[in-house]
Amino acid sequence: FQRDWTPLINLPDYLRDGDEIIKRVRVWDLASSLPSESYPDPDYTAGVLYGRTKSGNYIVEHMVHGRWRAGELESMLIEQTRKDREMYGTGVTGYLPIEPASSGKIQKRHFAISFAQSGVPIRFFKVGTSKSKLDRFLPFSSVAESGLVYVVEADWNDQYFYELEAFTGARTKLHDDIVDSQSDAHNIIAVSKELPIIKSGLLKMR
């Protein structure tokens, strides 16, 4: 990935040219550890807000990136999803990753109950497939190289681009939380296959 593939834009200026965003997703890659003596550099939680436009372009609008303990993380996820819905209404959908093992089922149920009790809709997507991180990233990287991706200019840009440019698919000590979030955001918005939505304690299929 190279950052010069994705022009920086001011979103209102871009939309004034006649294009419009028809779908948005905020897709999360989760972690819940803080630095410690035994684990000085744990993973981050990352959540990329990603939109698809009427013309077929894609826009990276916003990114959340940080470290929170489990309880703080859950509160942050609910609050950020609430803010996204207040700003974009039904035009944006939040997605949480669910591991395929039994622990993933427990985590899904916990989050489903917490979000439903807060009155905040959320969707889930499965991770841990046979595809490598590189295979998951390639579709996004390909459309970016083709000139179809724009990035909203903001203070998170350097961290975003640094991690994407450093990613090679090889196992290294470099973090790839933003990479995973961006990969899954593109694959979800491009394919739109997901599990049921949880809203106000009811299970609905779209």
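Here goes a summary of the coordinates provided.

Cut-off values and rules
Residues numbered from 1 in each chain as written. Predicted model: local features only at pLDDT ≥ 70, side-chain atom pairs only at ≥ 80, totals over all residues. Heavy atoms only, no water. 1 Å grid on protein atoms, 1.4 Å probe; cavity = no way out; pocket = protein on both sides within 12 Å on 5 of 7 lines; lining within 4 Å. Points joined across faces, edges and corners; volume = space filled by probe spheres on them. Helix = DSSP H or I, 4+ residues; strand = E, 2+ residues; numbered from the N terminus. Nonpolar A, V, L, I, M, F, W, Y, C, P; charged D, E, K, R; others polar. Phe/Tyr/Trp six-rings, centres within 6.5 Å; stacked < 30°, edge-to-face > 60°. Buried < 20%, exposed > 50% of the residue type's maximum accessible area, 1.4 Å probe, protein only. Pairing = 2+ DSSP bridges. Core = buried A, V, L, I, M, F, W, Y, C linked by side-chain atoms within 4.5 Å. Contact = heavy atoms within 4.5 Å.

### Some remarks on the layout of surface pockets
Taken as a whole, the largest pocket encloses approximately 810 Å³ of empty space. Together, 32 residues line the largest pocket, and Phe125, Lys126, Val127, Arg136 and Asp184 are the ones closest to its centre. Secondary-structure elements contributing two or more residues to the lining of the largest pocket are β2 (21-29), α2 (70-88), β5 (92-98), α3 (102-118), β6 (123-126), α4 (133-145) and α6 (177-191). The greatest single-element share of the lining of the largest pocket, amounting to 5 residues, is contributed by α6. Here the residues of the lining of the largest pocket are counted per class, giving 13 nonpolar, 8 polar and 11 charged. Around the second largest pocket, the lining comprises 20 residues; the ones closest to its centre are Lys133, Arg171, Thr172, Leu174 and Asp176. Looking at the lining of the second largest pocket, its residues break down into 6 nonpolar, 4 polar and 10 charged.

### Some words on the packing of aromatic side chains
Under the defined criterion, the tally for this structure stands at 12 aromatic pairs. An angle of 50° between the planes, with centres 5.9 Å apart, marks the rings of Phe137 and Phe140 as tilted. Of this pair, Phe137 and Phe140 both sit in helix α4, separated by 3 residues, roughly a single helical turn. Overall, Phe140 belongs to the buried group, its relative accessible area being 0%. For the pair Tyr160 and Phe161, a centre-to-centre distance of 5.4 Å together with 75° between the ring planes defines the contact as edge-to-face. Three or more aromatic residues joined by ring pairs form one cluster here, namely Phe1, Trp5, Tyr50, Tyr58, Phe137, Phe140, Trp156, Tyr160, Phe161 and Phe167.

### Things to note about the pairing of β2
Within β2, 8 of the 9 residues are buried, which leaves the element mostly enclosed by the surrounding structure. Relative to β5, β2 is paired through 4 bridges, and the arrangement is parallel. Note on β5: the bridge partner recorded for Arg26 is Gly94.

### Quick look at the nonpolar core
One finds Tyr50 and Tyr160 to be the most contacted residues of the largest nonpolar core, which totals 29 residues. At the level of secondary structure, the elements contributing two or more residues to this core comprise β2, β3 (45-53), β4 (58-66), α4, β7 (149-152), α5 (157-166) and α6. Sorting elements by how many residues they give to this core places α6 first, with 5 residues. In this structure Tyr50 touches Lys23, Arg24, Val25, Tyr58, Ile59, Val60, Phe140, Val149, Gln182, Ala185, His186 and Ile189, once residues within four positions along its chain are discounted. In terms of nonpolar packing, the next biggest core, distinct from the first, is built from 14 residues, Val64, Met76, Leu77 and Ile122 among them.

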